[in-house]
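Structural overview
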Amino acid sequence: MGLQDLLKEIQILAVVCNQYGDTGKGKFSDFFASQWADIIARGTGGNNAGHTVIIGDKQRVFHLIPAGITYDKEGKTNILGNGMVIDPFVLIKEMNTLYEEGVSFNHLLISDRANVVMFYHVEQDKAENASQKGGGIGSTGRGIGPAYTDKVARRGIMMRDLLHMDILVEKIEKLKKYYPQQQINIDKIIADISPVADRLKPFITDTVDFLHDSIKNGKRICLEGAQGLYLSLEHGIYRYVTSSDCSTNGTASGVGISAKAIDLTLGVVKFPFMTKVGGGPFVTELGGIRSENYCSQEFGNRKDDEKNIYGGRLNEMMNSSDDFEKGIALRMIAGEYGATTARPRRIGWTDAVAAKYAVRVNGPMKLILTKADALENNDFNICYNYIMSDGSSTQKFVNDSEVLRKVIPEYKIYKGYSDIRGETQFEKLPSSLTQSIIDFEKFVGAEVSIVSTGPEMIQTALR
Ligand code: IMP
């Protein structure tokens, strides 16, 4: 099947993640922006996200702006929706970097109602949530939680307030008392933020109105999800979640449309292994709590450290009976280090029980599988059953972090397969991989439409 078949009669498409984020949505946002969409809109989160896109020999990491901005010159509109929280300084920095690389911003739109991440949010977040030690969330430390907290408490600063310094002063004056630990100097804030506000002014508008007019005019829309379902405030594994609802529903709401208006949702799943950053349960994690603690340590460039320490032993480690060693080897083989924080990502086999839950909440949907090309002939496992602490077993996801921590995963084991990097034909994928895909889609209740076979756009097998 070609892209035309997949997107036949589709006007609104959503690309969301069915796991813990970092599943490669950026590649597909780029894929659909270049080949299909007129408008690419993001509805949730802020610069806690990091979408990596590889274009030719260039790697770009987007934190706030949808990856579709690369096609601004072609007249494609990119929207930062009302459900987002935006750090204006980070946004300007991201725009400057892209501008230097020749990217234009003729069609960028920022919701006037998106909330603003202020410096005191960042400070608060770092002080309260950034550490993963002692059961902490291990937030990205970008001020996301505190900014959403202010929004929910109805004292948030909106992008539109940046256009009226008198309103901004009044609002900060009122919320100062909620940040007693911090030195909030309003004159300094205004002096710092004024030039940034001037620069962003032309982009700030009612994006909901724009989006609905565009839908009426037949424009094709791609909604770009952020994070992943298990991190959703509403549906994720609370309290190890981010502060927005990054489900399909939340993504739609975050740009001002009903999820019912979405014609096709594509759920991205890392397969046959998956990753997580930050604290919280991860049933299939290789190395369990030992790995969680190891990945939470805050020091230098772990990518280089791991290379130096384990470099020559990868194959031996992949066959090790110690899952912790296997996890390090798999992380190195797959290059799984955070795009935003450079943290080593926690790693384990794909959990079909949890994926089934994600399909239920985020669906109906079709699936995109990513990262299957990363394995190097290694046997792999997919989890289809949970053994509970009382010895009983279930194939149903239990959304309770304390229960999940004690679950033992039961796996179906598959033979390793040869190199699939760059394969564009689904039928040519090795039989052990296709068998595992058929088992998976039957179990989770969603068809696999796309298998990513490498980081570049052309390395994509459409079914
Ligand atoms: P926050 O969104 O920075 O508040 O972090 C809350 C939790 O979500 C932490 O466990 C983060 O590691 C995780 N998280 C936030 N954004 C991402 C993302 O883009 N990818 C993966 N994990 C994320």
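Rules used throughout
- Residues numbered from 1 in each chain as written.
- Predicted model: local features only at pLDDT ≥ 70, side-chain atom pairs only at ≥ 80, totals over all residues.
- Heavy atoms only, no water.
- Axes fitted to C-alpha atoms, helices over the stretch in contact; angles between N-to-C directions.
- Helix = DSSP H or I, 4+ residues; strand = E, 2+ residues; numbered from the N terminus.
- Parallel < 35°, antiparallel > 145°, perpendicular 65-115°, else oblique.
- Left-handed = near helix turned anticlockwise from the far one by under 90°.
- Contact = heavy atoms within 4.5 Å.
- Nonpolar A, V, L, I, M, F, W, Y, C, P; charged D, E, K, R; others polar.
- Buried < 20%, exposed > 50% of the residue type's maximum accessible area, 1.4 Å probe, protein only.
- Arc of directions from axis to C-beta.
- Near = heavy atom within 4 Å.
- Polar contact = N/O pair within 3.5 Å; in protein donor to acceptor, adjacent residues only side chain to side chain.
- Areas by Shrake-Rupley, 256 points an atom, 1.4 Å probe, with all protein chains shown as cover.
- Pairing = 2+ DSSP bridges.
- Phe/Tyr/Trp six-rings, centres within 6.5 Å; stacked < 30°, edge-to-face > 60°.
- Lys NZ or Arg CZ within 6 Å of the ring centre and 35° of its normal.

Right, let's talk about the packing of helix α4 (residues 119–128) against helix α5 (residues 144–152) for a bit. Put simply, α4 and α5 touch, their axes get as near as 7 Å, and they point 120 degrees apart. Relative to α5, the element α4 is oriented oblique. For the pair α4 and α5, the crossing hand works out as right-handed. Residues Tyr 120, His 121, Gln 124 and Asp 125 of α4 form the contact with α5, whose own contacting residues are Ile 144, Pro 146, Ala 147 and Asp 150. Taken together, the residues that form the contact of α4 with α5 break down as 4 nonpolar, 2 polar and 2 charged.

This part is about helix α11 (residues 302–310). Among the residues of α11, those classed as buried are Arg 302, Glu 306 and Tyr 310. The buried side chains of α11 occupy one side of the element, clustering within an arc of 40 degrees when seen end-on. Across from the buried face of α11, at angles greater than 90 degrees, the exposed residues are Lys 307 and Asn 308. On its buried face, α11 is in contact with α10 (288–296), α12 (314–318) and α13 (323–334).

Among the structural elements, Glu 123 can be located in helix α4. A sequence separation of 59 residues divides Glu 123 from Gln 182, and the C-alpha atoms of the two residues are 8.2 Å apart.

Time to look at the site of the ligand. Looking at the ligand, there are 15 residues lining it, with Asp 22, Asn 48, Thr 140, Gln 227 and Thr 242 nearest. One of the side-chain nitrogen or oxygen atoms of Asn 48 is found 2.8 Å away from an oxygen atom of the ligand. Here a nitrogen atom of the ligand sits 3.1 Å away from a polar atom, N or O, in the side chain of Gln 227. Protein burial of the ligand: of its 470 Å² of free accessible surface, 96% is covered by the chains.

A negative phi holds for most residues other than glycine; trans holds for most peptide bonds. Residue Arg 239 is bonded to the preceding Tyr 238 through a cis peptide linkage, with omega at 10 degrees. You can see Arg 239 is positioned in the loop between β10 (221–224) and α9 (248–253). Between Phe 271 and the following residue, Pro 272, the backbone shows a cis peptide bond with an omega angle of 5 degrees. Assignment of secondary structure puts Pro 272 in the loop between β11 (264–270) and β12 (273–276). For Asn 377, which is not glycine, the phi dihedral falls at a positive 65 degrees.

With that settled, the discussion passes to the pairing of strand β5 (residues 77–80). Neither face of β5 is open: one carries Thr 77 and Ile 79, the other Asn 78 and Leu 80, and all of them are buried. Pairing of strand β2 (residues 39–42) with β5 involves 4 bridges; the strand directions are parallel. Bridge pairing in β5 places Ile 40 opposite Asn 78. Two strands pair when backbone bridges link them, and β5 and strand β7 (residues 108–111) are joined in this way by 3 bridges, in the parallel orientation. Counted as the bridge partner of Ile 79 is Leu 109 from β7.

Okay, the packing of aromatic side chains next. Taken as a whole and assessed by the stated rule, the structure comprises 15 aromatic pairs. Arranged with centres 5.0 Å apart and planes meeting at 80 degrees, the rings of Tyr 20 and Tyr 230 form a pair that is edge-to-face. Of this pair, Tyr 20 sits in the loop between β1 (12–17) and α2 (25–35) while Tyr 230 sits in the loop between β10 and α9; the two residues are 210 residues apart in sequence, bridging distant segments of the chain. Assigned by exposure class, Tyr 20 and Tyr 230 land together as buried. Pairing Tyr 294 with Phe 324 gives two aromatic rings, centres 5.2 Å apart and planes at 85 degrees, and the pair type is edge-to-face. Of this pair, Tyr 294 sits in helix α10 while Phe 324 sits in helix α13, placing them 30 residues apart in sequence. The burial state of Tyr 294 is the same as that of Phe 324; both residues are buried. An aromatic cluster is defined as three or more aromatic residues linked by ring pairs; in this entry it consists of Tyr 20, Tyr 230, Phe 282, Tyr 357, Tyr 386 and Phe 397. The ring of Tyr 178 is capped by Arg 155, whose NZ or CZ atom sits 3.7 Å from the centre of that ring. If you follow Arg 405 out to its NZ or CZ, it ends over the ring of Tyr 240, 5.7 Å from the centre.

Another aspect to go through is the environment of Thr 284. With respect to the helices and strands, Thr 284 occurs in the loop between β12 and α10. The exposure class assigned to Thr 284 is buried, which follows from its relative accessible area of 0%. A sequence separation of 10 residues divides Thr 284 from Met 274, and the C-alpha atoms of the two residues are 8.7 Å apart. In this view, Thr 284 contacts Met 274, Gly 348, Trp 349, Asp 351, Cys 383, Pro 409 and Tyr 411; residues no more than four positions away in its chain are not counted. At a separation of 2.6 Å, a polar atom in the side chain of Thr 284 contacts the main-chain carbonyl oxygen of Trp 349.

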